[in-house]
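Results of the structural survey
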Amino acid sequence: MDKSFEEKRMEMVSGQIVRRGLTEARLLQALRNVPRHRFVPLDLQDQAYNDSPLPIGSGQTISQPYIVALMTSLAVLEGDENVLEIGTGSGYQAAVLACLVKTVHTIERYATLSDLASRTLEELDYKNVHVHLGDGSLGWPEAAPYQAIIVTAAAPHPPQPLLEQLEQGGRLIIPIGERRLQDLQVWQRTGQQFAWESIIPVAFVPLRGELGWKEDQWPDTSSRYC
């Protein structure tokens, strides 16, 4: 008999997340609660809880569950934060964040993905998520400052507007690097200074926009990504 989505979700948390050392109770509960299969195309729903990314259209992906969990954990969320996500994609990362913070603002470059994510989040009653269509490399100054900014696409360097939109002590979680491999980094603001640390090597789709990768610099998005 096929396992239910709920059974697969529980196994995802225990087998992929806890096994790799992420054990914060609120994070694990959020991952147990968010129906990841609702954020992937219908023909891929049976693979939604696999230990891998999946294509969602427009050359974009829904990240591997562990990567979503890791980036969320690196934000060190306590519950009352105003958080910005760059790269809405399917809306899954925003839904996980919505379970953990007060407000989520998320920016998507592609209208088809933005519209679909908005509908899915509304259907699932995530009332504290605000989806915006725009250039994520410039952030969303209208709702700044943010206690955390999570970027789900690789940038050539941390965009200055994102650093400036961080609150004091705020964290920017962002993949930095070129096409084949990037470095997942955490930048933290203290005054006008920013300290950063490297976490793990990753491979994300490119961040597009004014301060992201241009098509002639990174034309191919057909490879496997996080």
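Residues numbered from 1 in each chain as written. Predicted model: local features only at pLDDT ≥ 70, side-chain atom pairs only at ≥ 80, totals over all residues. Heavy atoms only, no water.

1. Things to note about the overall build of the protein chain
Inclusion rule: The numbering of helices and of strands both runs from the N terminus, where a helix is a DSSP run of H or I of at least 4 residues and a strand a run of E of at least 2. Atoms considered for the radius of gyration are the C-alpha atoms alone. The globule rule reads 2.2 Å times the number of residues to the power 0.38. Partly exposed residues are those whose accessible area sits between 20% and 50% of the maximum for their type, while under 20% is buried and over 50% is exposed, using a 1.4 Å probe and protein chains only. By definition in these notes, contact holds between two residues if any of their heavy atoms fall within 4.5 Å. Per-residue accessibility takes into account occlusion by the displayed protein chains alone, with areas from the Shrake-Rupley method and a 1.4 Å probe. We count Lys and Arg on the positive side and Asp and Glu on the negative side, and we leave His and both chain ends out. In this description, the location of a charge corresponds to atom NZ of lysine, CZ of arginine, CG of aspartate or CD of glutamate.
Secondary structure summary: the protein chain contains 6 helices and 9 strands in total. Computed over C-alpha atoms, the radius of gyration of the protein chain comes to 16 Å, within 12% of the 17 Å expected from 2.2 N^0.38 for 226 residues, which places it in the range of a compact globule. Each of the three principal axes of the protein chain carries a C-alpha extent, and together these read 55 × 40 × 30 Å. The burial tally for the protein chain puts 54% of its 226 residues in the buried class. Expressed as a percentage of contacts within the protein chain between residues at least 6 apart in sequence, the contacts between residues at least 24 apart total 55%. Summed over all atoms, the accessible surface of the protein chain reaches about 10300 Å², with 50% contributed by carbon and sulfur. Charge centroids of the protein chain, computed over 20 positive and 28 negative side chains, lie 4 Å from each other.

2. Some remarks on the pattern of salt bridges
The cut-off we apply is this: Any carboxyl oxygen of Asp or Glu within 4 Å of a side-chain nitrogen of Lys or Arg constitutes a salt bridge here.
Per the stated rule, a full pass over the model turns up 4 salt bridges. Salt-bridge contacts for R20 lead to D51; the nearest nitrogen and oxygen are separated by 2.7 Å. One end of the pair, R20, is in the loop between helix 1 (5-17) and helix 2 (25-33); the other, D51, is in the loop between helix 2 and strand 1 (54-57), with 31 residues separating them in the sequence. Taking the relative accessible area as the measure of exposure, R20 reaches 32% and is therefore partly exposed. Between D125 and K127 there is a salt bridge, with the nearest N and O atoms lying 2.8 Å from each other. Classification of D125 as partly exposed rests on a relative accessible area of 47%.

3. Topic: the side chain of E81
What counts, and what does not: In protein, a polar contact requires one atom able to donate a hydrogen and another able to accept it; more generally it is a pair of N or O atoms within 3.5 Å, and residues adjacent in sequence count only if both atoms are side-chain atoms.
With respect to the secondary-structure elements, E81 resides in the loop between helix 3 (65-74) and strand 3 (82-86). No salt bridge is formed by the buried E81; the nearest opposite charge belongs to R26, separated by 6.0 Å. For E81, the side chain forms a polar contact with the main-chain nitrogen of G79, separated by 2.8 Å. Excluding anything up to four places from it in sequence, E81 contacts V76, L100, V101, K102, T103 and Q147.

4. A word on the packing of helix 1 against helix 3
Keep this limit in mind: All axes here are fitted lines through C-alpha atoms, helices being fitted over the stretch that makes contact, and every angle between N-to-C directions spans 0 to 180 degrees. When describing relative orientation, an angle under 35 degrees is termed roughly parallel and one over 145 degrees roughly antiparallel, while 65 to 115 degrees is termed roughly perpendicular and anything else oblique. The nonpolar class holds Ala, Val, Leu, Ile, Met, Phe, Trp, Tyr, Cys and Pro. Asp, Glu, Lys and Arg form the charged class, and all remaining residues, Gly among them, are polar.
Where helix 1 meets helix 3, the axes come as close as 10 Å, and the angle between the chain directions of the two elements is 70°. By the angle class used here, helix 1 and helix 3 are roughly perpendicular. Touching M12, Q16 and I17 of helix 1 are P65, Y66 and A69, all from helix 3. Of the residues assigned to the contact of helix 1 with helix 3, the class counts are 5 nonpolar, 1 polar and no charged.

5. Considering the packing of aromatic side chains
Two aromatic rings are characterised by how far apart their centres lie and by the angle between their planes. The cut-off we apply is this: Any two rings among Phe, Tyr and Trp, with Trp reduced to its six-membered ring, count as a pair given centres within 6.5 Å; such a pair is stacked if its planes are under 30 degrees apart, edge-to-face if over 60, and tilted if neither. Look at NZ for Lys and CZ for Arg. If either is within 6 Å of the ring centre and within 35 degrees of the ring normal, a charge sits over the ring.
In this structure the tally under the stated criterion is 3 aromatic pairs. Its end group placed over the ring of Y66, R20 keeps NZ or CZ at 5.0 Å from the ring centre.

6. Quick look at the sheet that holds strand 7 (residues 166-177)
Here is the rule we go by: Between any two strands, pairing holds if DSSP finds at least two bridges.
Taken in spatial order, the 7 strands line up as 5-4-3-6-7-8-9 in an open sheet, and their pairing is mixed. Each edge of the open sheet carries a strand with a single partner, namely strand 5 (129-133) and strand 9 (193-202). Across this sheet, the average inter-strand angle for adjacent strands is 15°, counted without regard to direction. Relative to strand 4 (residues 103-108), strand 3 runs parallel, the two being bridged by 5 bridges. Of the residues in strand 4, the one forming a bridge with E85 is T106. Against the sheet, helix 5 (residues 111-123) touches strand 4 and strand 5, its axis set at about 165° to strand 5.

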